[in-house]
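# What the coordinates show
Chain by chain, the residues:
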Amino acid sequence: MADAGQRARQLSREELEARITEQDEVIARQDAVIVEMKAQVAELKAKLDQNSRNSSKPPSSDGYSKPSPKKRSLRERSGRKPGGQEGHEGAYLERVEVPDRQISHEPDLCEGCGCDLADGEEMPGGESRQVFDIPEKLALEVIEHLSKRRRCAHCGRVNEGRFPEDVLAPVGYGRNLRAFGVYLIVFQHIPYDRAHRLICDLIGAEISTATLCSWVAKAAAGLTDFDEQLRGLLADQPVVHYDETGLRVAERLRWAHSTSTETLTRYTVHEKRGCEAMDDAGVLPEFRGVAVHDGFTPYRKYTKATHALCGAHHLRELIAAQQAGQAWASGMGCLLLDTKETVDNAKAAGGKRLPESALLELHRSYRAVIAQGFTENPGVAEHAGERIKRSKAQNLLLRLDRCEREATLFAHDFSVPFSNNICESDLRMVKLQQKISGCFRTTEGAERYLQVRSYISTARKQGQDTLGVLSALAQGTPWLPAAGEP
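We now turn to the structure provided with this report.

What counts as what
Residues numbered from 1 in each chain as written. Predicted model: local features only at pLDDT ≥ 70, side-chain atom pairs only at ≥ 80, totals over all residues. Heavy atoms only, no water. Patch = residues over 30% accessible without salt bridge, like charges linked within 9 Å, V, L, I, M, F, W, Y side chains within 5 Å. Areas by Shrake-Rupley, 256 points an atom, 1.4 Å probe, with all protein chains shown as cover. Salt bridge = Lys/Arg side-chain N within 4 Å of Asp/Glu carboxyl O. Lys, Arg positive; Asp, Glu negative; His and termini not counted. Charge placed at Lys NZ, Arg CZ, Asp CG, Glu CD. Helix = DSSP H or I, 4+ residues; strand = E, 2+ residues; numbered from the N terminus. Pairing = 2+ DSSP bridges. Axes fitted to C-alpha atoms, helices over the stretch in contact; angles between N-to-C directions. Contact = heavy atoms within 4.5 Å. Buried < 20%, exposed > 50% of the residue type's maximum accessible area, 1.4 Å probe, protein only. Parallel < 35°, antiparallel > 145°, perpendicular 65-115°, else oblique. Nonpolar A, V, L, I, M, F, W, Y, C, P; charged D, E, K, R; others polar. Core = buried A, V, L, I, M, F, W, Y, C linked by side-chain atoms within 4.5 Å. Expected span 1.5 Å × (residues − 1). 1 Å grid on protein atoms, 1.4 Å probe; cavity = no way out; pocket = protein on both sides within 12 Å on 5 of 7 lines; lining within 4 Å. Points joined across faces, edges and corners; volume = space filled by probe spheres on them. Disulfide = S-S within 2.5 Å.

## Some words on a negative patch on the surface
On the surface, a cluster of negative charge is made up of Glu106, Asp108, Asp116, Asp119 and Glu122. Mapped onto the elements of the fold, aspartate 108 is located in the loop between helix H2 (13-48) and strand S1 (149-151).

## Section: the sheet that holds strand S5 (residues 265-270)
In space, the 5 strands of this open sheet follow the order S5-S4-S3-S6-S7, with mixed pairing throughout. Looking at the sheet topology across the chains shown, the edges are occupied by S5 and strand S7 (306-309). Adjacent strand axes in the sheet meet at a mean angle of 25° when their direction is disregarded. In the sheet, strand S3 (residues 239-249) pairs with strand S6 (residues 290-293) via 3 bridges, with the strands oriented parallel. Following the sheet pairing, valine 239 is matched in S6 by valine 290. Strands S3, strand S4 (252-260) and S5 of the sheet are contacted by helix H6 (residues 224-235), whose axis makes an angle of about 105° with S5. In the packing of helix H15 (residues 443-461) onto the sheet, the strands contacted are S3, S4 and S5, and the crossing angle to S5 comes to about 170°.

## Focus on a nonpolar patch on the surface
A contiguous nonpolar surface patch, about 310 Å² in accessible area, is contributed by Leu93, Val96 and Phe132. Judged by its relative accessible area of 66%, leucine 93 is exposed.

## Some words on the packing of helix H3 (residues 175-187) against H15
The interhelical angle for the contact between H3 and H15, taken along N-to-C directions, is 95°, at an axis separation of 10 Å. Between H3 and H15, the angle falls in the class roughly perpendicular. Residues Val182, Ile185, Val186 and Phe187 of H3 touch H15, and the partners they reach there are Tyr449, Val452, Arg453, Ile456 and Arg460. Grouping the constituent residues of the contact of H3 with H15 by class yields 7 nonpolar, no polar and 2 charged.

## Quick notes on the nonpolar core
Formed by 57 residues in total, the largest nonpolar core has its most connected members in Ile199, Val452 and Leu470. In terms of residues, this core owes the most to one element, H3, which gives 9 residues. In this structure, Leu318, Ala329, Phe374 and Leu396 belong to the second largest nonpolar core, which totals 29 residues.

## A word on unusual backbone geometry
Although it is not a glycine, alanine 250 adopts a positive phi angle of roughly 50°. By the secondary structure assignment, alanine 250 is in the loop between S3 and S4. Assessed through its relative accessible area of 39%, alanine 250 is described here as partly exposed. With a phi angle near 65°, glutamate 251 is a residue other than glycine that sits in the positive phi range.

## Some remarks on the pattern of salt bridges
Any two side chains of opposite charge can pair, so long as their charged atoms come close to each other. Summed over the entire model, instances satisfying the criterion amount to 17 salt bridges. Residues glutamate 127 and arginine 129 are paired through a salt bridge, measuring 3.0 Å at the closest nitrogen-oxygen approach. Residue classification places arginine 129 among the exposed positions, given a relative accessible area of 70%. With its nearest N and O atoms 3.6 Å apart, the salt bridge here joins arginine 316 to glutamate 424. Of the two residues, arginine 316 sits in helix H8 (residues 311-323) while glutamate 424 sits in helix H14 (residues 421-437), which places them 108 residues apart along the sequence. Overlapping salt bridges bring together Glu286, Arg288 and Lys304 as one network.

## Here we look at the pairing of S4
Counting buried residues along S4, 7 of its 9 residues qualify, which places the element largely inside the surrounding structure. Bridge count for S3 against S4 is 9 bridges, and the pairing is antiparallel. Bridging across to S4, tyrosine 242 finds its partner in threonine 259. Linking S3 back to S4 in an antiparallel pair, the connection comprises 2 residues, with alanine 250 at a positive phi of about 50°. Bridge count between S4 and S5: 6 bridges; the pairing is antiparallel. Across the sheet, residue threonine 259 finds its bridge partner in S5, namely arginine 266. Once S4 ends, the chain turns through 4 residues before running back antiparallel as S5.

## Comments concerning helix H10 (residues 356-376)
Between its first and last C-alpha atoms H10 spans 30 Å; for 21 residues at 1.5 Å apiece the expected length is 30 Å, and the two agree. The complete set of buried residues in H10 reads Leu359, Leu362, Ser365, Tyr366, Val369, Ile370, Gly373 and Phe374. Of the surrounding elements, those touching the buried residues of H10 are helix H9 (327-348), helix H11 (392-402), helix H12 (404-407) and helix H13 (409-412).

## As for the layout of surface pockets
Taken as a whole, the second largest pocket spans an internal volume of roughly 1400 Å³. A per-class count over the lining of the second largest pocket returns 12 nonpolar, 8 polar and 11 charged.

## Quick notes on empty space enclosed by the protein
Counted by the stated rule, this structure contains 1 cavity of 30 Å³ or more. Around the largest cavity, the lining comprises 13 residues; the ones closest to its centre are Tyr242, His257, Thr259, Met278 and Ala281. Secondary-structure elements contributing two or more residues to the lining of the largest cavity are S3, S4, S5 and helix H7 (275-281). Here the lining of the largest cavity is composed, by residue class, of 7 nonpolar, 4 polar and 2 charged.

## Brief notes about the state of the cysteines
Counted according to the given criterion, the structure contains 0 disulfides. Residue cysteine 113 stays outside any disulfide, its sulfur separated by 3.2 Å from that of cysteine 115, the closest cysteine.

Dropping the structure here:
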């Protein structure tokens, strides 16, 4: 210790200051590394904490570690107990007057004396029970089409009857079976090999997977007029939902885009996610209604449309921000949910929009929450236009500040829904197809599937029978959609 003190006294003032400066620089560099590492840890922790409740991840990705139930659900409480309600008639099978066939059950021996009852007198009474079932084996019905010839009595010309458009070969499968095959592939998400096996086991028809593939391809080829009419109808709607999701096609990432309303659905697939794909879909460029979406930046480039942001997306992001320690996020989430409840009650009472006083109070509260957010995140407002690294909560705060009108449009116009759930539900079917049947092997295969899926989804939204419209499509006379209500 004495030697160390002696050496320290021998150091000049300049040397000591230089060493202190050097140590300060080292400490500053270490502090910078610590700050950077803390930010990385926080970012990684946020990613690990993401689930279907605080992000756009689907519920199926939660696995066995599902998040706890929501403290406040978007679903309104009815106040009723679970299960059937008092006075509800219930659903049950009803007997038919004339059954398809009857099976008699005769007693063989007398239970009293054991004698044979073959010659016994038949007595009135007894009990009957009806069972609704399917045949053990469905059989193909072979229909032979005959083209007859007749000579004209006036000019002598021989005329020949014409076969229906779907009767093309000397031997072939009919439109109902072809419709059933397309139904299994596109609507029930059954892989080709399993659909082939199901048809073979159920009906006894040895249909190859290549035949099934050709049926789907022919169905898609017959939807040109349908797709053109569907695109035109969507472009003329007052409110349309837009969304997109990743899709594996030929082992590469592609994007499935959905354009939806309550009565219309149109899917397209493209290698890009942004404006190039939206232009190619052909609806947004000339759309002048309200476009409901999740805030994806390319949507904003279509200035002819009025934009509305999905409230469900905001609620999920606000939950994540609240978990990250942002107190303002809780206030904004409660404000959006309270406003949604007020709007729902006003709709139920026949209202078209909220009173001006309620709207003024909404925006006053909205600005107060945004101001609280900027207080909790100093410096964010001053650098709002700069491209700097920010947390997800800060980016959400800036978006809600910039897009106040779009985030609350559902309160100003009751025709605008709170969320983009219509489009998300439509796209969920595409994700389900990929999860069950795997990725699409070709771009053409993905396009065909989405074309037929658009046809089925739109038909079902408008109250049409799925197999019925597929049978009409197989016959060459596809069903065409209506503009509004079915």
